[in-house]
Every structure is written in C-alpha cells, then in structure tokens.
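# Breakdown of the fold
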Amino acid sequence: MSRKFTKIQEFMSNQGNVNCAKFGKSTGQLIATGGQDRKVNIWKIGCPNIVAQLHGHTSTVESVTFDSEEEMVVSGSSGGTIKVWDLNSERMQKSYNSGHKTNVTCLD
C-alpha cells in the first residue's frame, strides 16, 4: 500500500544550495535552513516569507538546530565555526572556533 503525501508549504529564498533544514520541536512551526549563501534563514509554517535571516558565517552553513524552547538557533559551517543565535533579537550571541578544520555537519 502506497502512502500519499500532501505538500503543506514551499519555501524559496536561499541563494545556492540548501545544505540543512531543521524543524523546531517545541511548536513544530519553525524551520531553520542554512546553505551556500552563508545565511541561516528562519521560516514559519503559514508565512510565505522568511521571518528572520541571520548573517555572520563566512563559509557555507552545513548544520542548524534549535534549542528546546525555539528561542535560540545553533549553526555550524564548512569553515569549522559554530554560532549561537538569539531569535528574539536576531543577533549572534556567541561564535566558537570549534577546533574542527573542516565542516561542522551535525549539531544535536
């Protein structure tokens, strides 16, 4: 028996490839994406446009994740840096040179 899937919404904005996407677990309404354009975009189900665009990475964004309350996002880049973002202020709170010489591909 085959399953049928229904498209809920389509988001279009990142310039270049989207390398990662993550649903927030608290509400299930927020999605963070990151990609070649070095930005972290925050989307909300039901809203056609980006609700926040976070700038600060100098290389491709490879991974993103939310905190449990969906107030913070953590992103990792191909340059080995990890950034912590506050979604209320839409500002970077911390930047870590993770010690990785290449991609930070997983944050959980």
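These remarks concern the structure in this document. Predicted model only: the values in this text are computed from it and were never measured.

## A word on the pairing of strand S7 (residues 81-86)
Remember that side chains alternate between the two faces of the sheet whenever the strand is regular. In terms of residue burial, S7 counts as a mostly covered element, since 5 of its 6 residues are buried. Sheet topology note: the strand S6 (residues 72-77)/S7 ladder contains 5 bridges and is antiparallel. Paired with Val-73 across the two strands is Trp-85, which belongs to S7. Two successive antiparallel strands, S6 and S7, enclose a turn made up of 3 residues, where Gly-80 displays a positive phi of approximately 90 degrees. In terms of strand pairing, S7 meets strand S8 (residues 91-97) through 6 bridges, oriented antiparallel. If you follow Asp-86 over to S8, its bridge partner there is Arg-91. Turn length for the S7-S8 hairpin, with the two strands adjacent in sequence and antiparallel, is 4 residues, and the turn residue Glu-90 shows positive phi of about 55 degrees.

## Describing the sheet that holds strand S5 (residues 61-66)
One open sheet accounts for 4 strands, arranged S5-S6-S7-S8; its pairing is antiparallel. Either end of the sheet is taken by a strand with one partner, and the two such strands are S5 and S8. Strand-to-strand, the axes of this sheet are offset by a mean angle of 20 degrees, without reference to chain direction.

## Here's the deal with the environment of Gln-36
Tracing the backbone through its elements, the reader meets Gln-36 in the loop between strand S2 (30-35) and strand S3 (39-44). Once residues within four sequence positions are removed from consideration, Gln-36 is found in contact with Gln-15, Gly-16, Asn-17, Asn-19 and Thr-60. Within the local environment of Gln-36, its side chain forms a polar contact with the backbone nitrogen of Asn-17, the two atoms lying 2.9 Å apart.

## Quick word on the environment of Asn-19
Looking at where Asn-19 falls in the secondary structure, it is placed in strand S1 (residues 18-23). Here the alpha-carbon distance between Asn-19 and Ser-63, two residues 44 residues apart in the chain, equals 7.3 Å. Within polar-contact distance, the side chain of Asn-19 engages the backbone oxygen of Val-61 at 3.2 Å.

## Some points on the nonpolar core
In this structure, Val-40, Ile-42, Leu-54, Val-64, Phe-66, Val-73 and Leu-87 are the most contacted members of the largest nonpolar core, which totals 13 residues. With 3 residues, the single largest contributor to this core is S5. Residue contacts for Val-73: discarding those within four places in its chain leaves Val-40, Ile-42, Thr-65, Phe-66, Lys-83, Val-84, Trp-85 and Leu-87.

## What to know about the environment of Leu-87
Considering the arrangement of structural elements, one finds Leu-87 in the loop between S7 and S8. With 21 residues separating them in the primary sequence, Leu-87 and Phe-66 have C-alpha atoms 9.8 Å apart. Contacts of Leu-87, omitting those with residues within four sequence positions, involve Ile-42, Leu-54, Phe-66, Glu-70, Glu-71, Met-72 and Val-73.

## Some thoughts on the sheet that holds S1
Judged by pairing direction, the sheet is antiparallel, and its 4 strands sit side by side in the order S1-S2-S3-S4 without closing on themselves. Single-partner strands in this sheet number two, and they are S1 and strand S4 (52-55). Here the average twist between neighbouring strands, direction ignored, is 20 degrees. Bridge count between S2 and S3: 5 bridges; the pairing is antiparallel. Note that in S3 the partner of Leu-30 across the bridge is Lys-44.

Cut-off values and rules
Residues numbered from 1 in each chain as written. Predicted model: local features only at pLDDT ≥ 70, side-chain atom pairs only at ≥ 80, totals over all residues. Heavy atoms only, no water. Buried < 20%, exposed > 50% of the residue type's maximum accessible area, 1.4 Å probe, protein only. Helix = DSSP H or I, 4+ residues; strand = E, 2+ residues; numbered from the N terminus. Pairing = 2+ DSSP bridges. Axes fitted to C-alpha atoms, helices over the stretch in contact; angles between N-to-C directions. Contact = heavy atoms within 4.5 Å. Polar contact = N/O pair within 3.5 Å; in protein donor to acceptor, adjacent residues only side chain to side chain. Core = buried A, V, L, I, M, F, W, Y, C linked by side-chain atoms within 4.5 Å.

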